[in-house]
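Results of the structural survey
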Amino acid sequence: VQLQASGGGLVQAGGSLRLSCATSGIAFSVLGMGWYRQAPGKQRELVARISVDRTATYIDSVKGRFTISRDNAKNTLYLQMNSLKPVDTAVYYCNAARRDGGAVFGSWGQGTEVTVSS
């Protein structure tokens, strides 16, 4: 299982970033997939999930600002993040995500760091 997130960086509040997660060793097209994040001193949380039929769900704090998408041909997951806020600062990870929000795989990869300055 390989889950390689990329695209993070330092951005000012109000800016945008697009995260990508290249996967291998998993049956990507038949799995619900999710973006998780872990802010300093906090537990990792599921931010957005996309089902096999491309139904997307989000936590309230990112609704209307983040968009999750998937490319099954490339086994890649995306997260478009707009109107970023300092509270979005975290390390972002992808994983297969169950309907209850739990991650499927124990291997998380390195994640990609997002820092939003005020």
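Scroll up to find the structure this text is about.
Notes on the structure in this doc start here. In this text the structure is predicted, and so the values were computed from the model without any measurement.

The rules we used
Residues numbered from 1 in each chain as written. Predicted model: local features only at pLDDT ≥ 70, side-chain atom pairs only at ≥ 80, totals over all residues. Heavy atoms only, no water. Pairing = 2+ DSSP bridges. Helix = DSSP H or I, 4+ residues; strand = E, 2+ residues; numbered from the N terminus. Axes fitted to C-alpha atoms, helices over the stretch in contact; angles between N-to-C directions. Core = buried A, V, L, I, M, F, W, Y, C linked by side-chain atoms within 4.5 Å. Buried < 20%, exposed > 50% of the residue type's maximum accessible area, 1.4 Å probe, protein only. Contact = heavy atoms within 4.5 Å. Disulfide = S-S within 2.5 Å.

1. Some points on the sheet that holds strand E2 (residues 9–12)
Strand order in the open sheet formed by 6 strands is E2-E10-E9-E4-E5-E6, and the pairing between neighbours is mixed. Unpaired on one side and paired on the other, E2 and strand E6 (56–58) mark the two borders of the sheet. Between one strand and the next, the sheet's axes are offset by a mean angle of 25 degrees, whatever the strand orientation.

2. Here's the deal with the nonpolar core
Met-33, Trp-35, Phe-66, Leu-77, Leu-79, Met-81 and Tyr-92 are the most contacted members of the largest nonpolar core, which has 28 residues in total. Considering every element that reaches this core, the biggest residue donor is strand E9 (residues 90–96), with 4 residues. Every residue in contact with Met-81, bar those within four places of it in the chain, is listed here: Gly-15, Ser-16, Leu-17, Leu-19, Arg-65, Phe-66, Tyr-92 and Val-114.

3. Some details on the state of the cysteines
Under the definition given, this model contains 1 disulfide. Each sulfur of the disulfide joining Cys-21 and Cys-94 lies 1.7 Å from the other. With Cys-21 in strand E3 (residues 17–24) and Cys-94 in strand E9, this residue pair connects regions lying 73 residues apart in the sequence.

Everything listed here is a matter of geometry and, on its own, says nothing about what the molecule does.
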